[in-house]
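# Fold and contact review
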Amino acid sequence: MALKFTNPLHRLYFTTEWTTDPFAHLAIRPQLLYWVVLGVSYALLAVGFFMLLERFYQTGTDSRPLVILVCLTALPAIATVLGGQLDGLLPLMYEPPGVALFAVGTLFVYVRRFEAIRLTGGTDEPAIFLDIDGRIRDYNRAARRILPDLQGSIGSPVESVSAAFADQVSERGILTVPEGDETLYYKVSAAPFVAGEVQTGQLVTLTDVTAQESYRQRLEEKTEQLEALNRVIRHDIRNDMTVILGWSEQLQAHVDDEGAAALDRVLRRSRHVIELTDIAREFIESLSDEQMTELEPIALAAILESELATARDSHPHATFRVSGDLPEVSVRANEMLSSVFRNLFENAVQHNDAANPEVTVTCNETVDVVRVRVADNGPGVPDEQKEQVFGKGEKGLDSPGTGIGLYLVHTLTEQFDGDVWIEDNDPEGAVFVVEFLTAE
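Residues numbered from 1 in each chain as written. Predicted model: local features only at pLDDT ≥ 70, side-chain atom pairs only at ≥ 80, totals over all residues. Heavy atoms only, no water.

Within the protein chain, the regular secondary structure consists of 11 helices and 12 strands. A burial count over the protein chain gives 38% of its 440 residues as buried. Excluding contacts between residues fewer than 6 apart, the proportion of contacts in the protein chain whose partners are at least 24 apart in sequence is 58%. Only carbon and sulfur atoms are counted for the fraction: they give 56% of the accessible area of the protein chain, which is about 25700 Å². (Helix = DSSP H or I, 4+ residues; strand = E, 2+ residues; numbered from the N terminus. Buried < 20%, exposed > 50% of the residue type's maximum accessible area, 1.4 Å probe, protein only. Contact = heavy atoms within 4.5 Å. Areas by Shrake-Rupley, 256 points an atom, 1.4 Å probe, with all protein chains shown as cover.)

Right under this line is the structure:
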């Protein structure tokens, strides 16, 4: 029995008739090779189509170009099926017209679609691909969920989808998107896409920054409230207490011995309130954006000498001394450095139960840091309270034994990239150690 082939390619691959020749099995090998090659080709084609369909589905892109490519690629397959009846179809798969047809279709989809798909499908974030003229080339599903007007917008200017989005593309800002009862915020970023050395478009991504933006707005609101509180403390409370203190001082010459003791308590409390308003003002300013400036070299010795002179004037009954020499070195800080030592000196006297309060300042300098030790002869600080007095715990200012002055010391030293802690003094009292980084 002999197989009949009308197609020339069939005759090319199957040139052997079935016979009783013992070596006929050797002629079957071209048939097997043909079917293996054809099977592998269709298998690869099926895998390729699956990958294309998967990618188009993931990106949510327009699938019309894919349909065109499928039709073009299907032509050789149809020719193979009908090749047994029509002699001229099968060769189309192996001749230049068939190859060219497939190449043109692939090139069309690559230039117009694959380039955009590779960009928009390569990220899980909402992404939009714009050409060099600012027209929408592609987008993924995540972007369409945020901007529903992207649907069917391929080829349209970005302004036609959202004027606000178009503005943020050029400004690289924050896009505000209302959604129900809440507002979502997206940071708009753009990266240029370059083919060779020519920019052909840009990939715009939307990053959800709702949590960060909401937190930033709350901080701004808190800052405004702190600034309002600062004005109240600086003007209203302090001015009223200054007036009260002035009238109270004039009463000193007009009270008897019994009233002198009460008046003395009024005067001391009035001065303490004024002092607290100064500390609160400095603390609020240390938290405001205006005061959060970059650190700069500050001469340590000059600050210490100035604050020691102020402390001696404010507390003439206390003794302030310096052990050794003050180092001629600059530390990384800002103008709030004086508040650190002012509050440490005030704390050393106010919480001192000795008949003659004594405060000793010692400085130790190494290659990278300077440590200033403020020692007193007071009652000391128990070990379990050495952290709490600075408000370092979760309770902050509500921690036991915490004063706003020491909390300010802790806050400022952290801003200066330094540290503060408490040690025991010998034989009694406490030592507040402040560490600063030296300025290069």
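Counted by the stated rule, this structure contains 4 aromatic pairs. Between Phe390 and Phe432, the ring centres sit 6.0 Å apart and the planes meet at 80 degrees, which makes this aromatic pair edge-to-face. Placement of the pair is Phe390 in the loop between strand E10 (369-376) and helix H11 (404-415) and Phe432 in strand E12 (residues 430-437), with a sequence separation of 42 residues. Under the relative-accessibility criterion, Phe390 is labelled buried at 0%. Residue Phe432 is classed as buried on the basis of its relative accessible area of 4%. (Phe/Tyr/Trp six-rings, centres within 6.5 Å; stacked < 30°, edge-to-face > 60°.)

This part is about the pattern of salt bridges. When their charged atoms lie close together, side chains carrying opposite charge are able to pair. Taken as a whole and judged by the stated rule, the model has 10 salt bridges. Across the pair Glu358 and Arg321 runs a salt bridge, and its minimum N-O distance is 3.5 Å. In this pair, Glu358 sits in strand E9 (residues 358-365) while Arg321 sits in strand E7 (residues 319-323), placing the two residues 37 residues apart along the sequence. You can call Glu358 partly exposed: its relative accessible area is 32%. Look at Arg321 and you get partly exposed, because its relative accessible area is 36%. Several salt bridges converge on common partners, so that one network encompasses Glu213, Arg216 and Glu220. (Salt bridge = Lys/Arg side-chain N within 4 Å of Asp/Glu carboxyl O.)

With that settled, the discussion passes to the packing of helix H9 (residues 300-314) against helix H10 (residues 337-350). A packed helix pair is summarised by two numbers, namely the angle formed by the two axes and the spacing between the axes. Two elements in contact, H9 and H10, have axes separated by 9 Å at closest approach and are oriented at 35 degrees. When the axes of H9 and H10 are compared, the crossing they make is right-handed. Between H9, through Leu300, Ile303, Leu304, Glu307, Leu308, Ala311 and Ser314, and H10, the contact on the second element is made entirely by Leu337, Ser338, Phe341, Arg342, Phe345 and Glu346. Taken together, the residues of the contact of H9 with H10 break down into 8 nonpolar, 2 polar and 3 charged. (Axes fitted to C-alpha atoms, helices over the stretch in contact; angles between N-to-C directions. Left-handed = near helix turned anticlockwise from the far one by under 90°. Nonpolar A, V, L, I, M, F, W, Y, C, P; charged D, E, K, R; others polar.)

What follows is about the sheet that holds E10. Taken in spatial order, the 5 strands of this open sheet run E7-E9-E10-E12-E11, and their pairing is mixed. Here the strands that pair on one side only, and so sit at the sheet edges, are E7 and strand E11 (419-424). For this sheet, the mean inter-axis angle between neighbouring strands, taken without regard to orientation, is 20 degrees. Sheet strands touched by H9: E7, E9 and E10. Its angle to E7, the strand with the most contacts, is close to 160 degrees. Helix-sheet contacts for H10 involve E7, E9, E10 and E12, and the interaxial angle to E12 is about 175 degrees. (Pairing = 2+ DSSP bridges.)

So, on to the nonpolar core. Core analysis: the biggest nonpolar cluster contains 42 residues, and Leu337, Phe341, Phe345, Val372 and Phe436 have the highest contact counts within it. Elements with a contribution of two residues or more to this core: H9, strand E8 (330-333), H10, E9, E10, H11, E11 and E12. Residue contributions to this core peak at 7 residues, all from H10. Non-local contacts of Val372, meaning those with residues more than four positions away in its chain, are made with Leu300, Leu304, Phe341, Val361, Thr362, Cys363, Phe432, Val433, Val434 and Phe436. (Core = buried A, V, L, I, M, F, W, Y, C linked by side-chain atoms within 4.5 Å.)

Two faces belong to every sheet, and in a regular strand the side chains alternate between them. A large share of E10 lies buried, amounting to 6 of its 8 residues. Here E9 runs beside E10; their pairing, made up of 7 bridges, is antiparallel. Bridge pairing in E10 places Thr362 opposite Arg373. Counted along the chain from E9 to the antiparallel partner E10, the turn is 3 residues long. Alignment of E10 against E12, held across 7 bridges, turns out to be antiparallel. In the sheet register, Ala375 faces E12, and the bridge partner there is Val431.

Residues that lie three or four places apart on an α-helix share one face, since the helix turns once every 3.6 residues. Look at H10: 21 Å from first C-alpha to last across 14 residues, which is about the 20 Å you get at 1.5 Å a residue. For H10, the tally of buried residues reaches 12 of 14 residues, placing the bulk of the element in the interior. Every buried residue of H10 is listed here: Leu337, Ser338, Ser339, Val340, Phe341, Asn343, Leu344, Phe345, Glu346, Asn347, Ala348 and Val349. (Expected span 1.5 Å × (residues − 1).)

As a further point, take a nonpolar patch on the surface. A grouping of Leu229, Val232 and Ile237 is seen on the molecular surface, where their side chains present a nonpolar patch of about 220 Å² in accessible area. As for its position among the elements, Leu229 is in helix H7 (residues 210-250). (Patch = residues over 30% accessible without salt bridge, like charges linked within 9 Å, V, L, I, M, F, W, Y side chains within 5 Å.)

Attention shifts here to the packing of H10 against H11. At a minimum axis distance of 9 Å, the contact between H10 and H11 shows a crossing angle of 150 degrees. If you check the angle between H10 and H11, you find them roughly antiparallel. For the pair H10 and H11, the crossing hand works out as left-handed. Within the contact between the two elements, H10 uses Ser339, Val340, Asn343, Leu344 and Asn347 and H11 uses Gly405, Leu406, Leu408, Val409, Leu412 and Thr413. (Parallel < 35°, antiparallel > 145°, perpendicular 65-115°, else oblique.)

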